[in-house]
Amino acid sequence: MAKDNGWSGTGYDAEPSTGGGLYLRLKEKGESIRIRLVSDPFRYEDVFKAEGEDDKIIRKVAWIVIHKTLVDGKKHLEVKVFQSGPMVYGLIKDLTENPEWGDPKLYDIEVTRTEVKGRYYSVQPLPKPMGPLSEAEAEMVVNANIDLASACLGKKTTTERKETESAEGTYNPFDEE
């Protein structure tokens, strides 16, 4: 018998888990994350379905990132998929167009959920460390084996995508970037 972790059941009395998993999201006002973008943005549309309402098309953007945190006073790095909307995308795009900052893969960024009217999120470039990923960070990203498009559209890794497409007869190794 599975251990009851407080998630099983019906109704709205359970709290979603905030740890683990592939995806990184800001869930509460005032929450901040420190990330290093390691991919170009993937822009896509999703459908939000609400009972009794028309479906809404929602624009989303995702990046593969290294999420940087402190755990017990020690630096902890995890490769994640960070999803956001057009506002965060626009703020990061502004940094890329600023000659003092440029490519956001060369510095860390702090994203904060402010919930301030007209500016629900803030994006702050962090000047240290600057430069490309270390060898260990780059290896961590490769070992994460995340296919960003597939992660946003339903499959999490390049291997899962290849297996599915091979089974369907649609996999073409020459389509790889």
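Since we're looking at a predicted model, the values are computed, not measured. (Residues numbered from 1 in each chain as written. Predicted model: local features only at pLDDT ≥ 70, side-chain atom pairs only at ≥ 80, totals over all residues. Heavy atoms only, no water.)

Looking at this structure, I do not really get the nonpolar core. What am I missing?
Within soluble globular proteins, side chains that are nonpolar generally end up buried alongside one another. Residues Ile-35, Trp-63, Phe-82, Ile-109, Val-111 and Val-123 are the most contacted members of the largest nonpolar core, which totals 17 residues. For this core, the elements supplying multiple residues, two or more each, are β2 (32–37), β4 (56–71), α1 (86–97) and β6 (107–116). Per-element accounting of this core gives the leading share, 4 residues, to α1. With residues up to four places along the chain from it excluded, the contact list for Ile-35 reads Leu-24, Val-65, Ile-66, His-67, Phe-82, Tyr-107, Asp-108, Ile-109 and Val-111. Membership of the second largest hydrophobic core comes to 13 residues, among which are Leu-22, Val-38, Val-79 and Val-81. (Core = buried A, V, L, I, M, F, W, Y, C linked by side-chain atoms within 4.5 Å. Buried < 20%, exposed > 50% of the residue type's maximum accessible area, 1.4 Å probe, protein only. Helix = DSSP H or I, 4+ residues; strand = E, 2+ residues; numbered from the N terminus. Contact = heavy atoms within 4.5 Å.)

Can you walk me through the environment of Val-81 in this structure?
Within the fold, Val-81 resides in strand β5 (residues 74–84). Judged by its relative accessible area of 0%, Val-81 falls in the buried class. Counting along the chain gives 19 residues from Val-81 to Ala-62, while the straight-line C-alpha distance between them is 6.5 Å. Excluding residues within four positions of it along the chain, Val-81 makes contact with Leu-22, Tyr-23, Leu-24, Ala-62, Trp-63, Ile-146, Leu-148 and Ala-151.

Just to check I follow, could you spell out unusual backbone geometry for this structure?
For residues besides glycine, phi is generally negative; the peptide bonds are generally trans as well. In this chain, Lys-128 is followed by Pro-129 through a cis amide linkage whose omega measures -5 degrees. By the secondary structure assignment, Pro-129 is in strand β7 (residues 119–130). The phi dihedral of Asp-72 falls on the positive side, at around 50 degrees, and the residue is not glycine. Structurally, the position occupied by Asp-72 is in the loop between β4 and β5. Its relative accessible area of 76% is what places Asp-72 among the exposed residues.

Can you help me understand the pairing of β5 in this one?
On a regular strand, one side chain projects to one face of the sheet and the next to the other, so that they alternate. Pairing geometry for strand β1 (residues 23–24) and β5, over 2 bridges, is parallel. Paired with Leu-24 across the two strands is Phe-82, which belongs to β5. Pairing between β4 and β5: 11 bridges, direction antiparallel. What sits directly across from Val-71, in β5, is Lys-74. Between β4 and β5, which pair antiparallel in sequence order, lie 2 residues; one of them, Asp-72, sits at a positive phi of approximately 50 degrees. (Pairing = 2+ DSSP bridges.)

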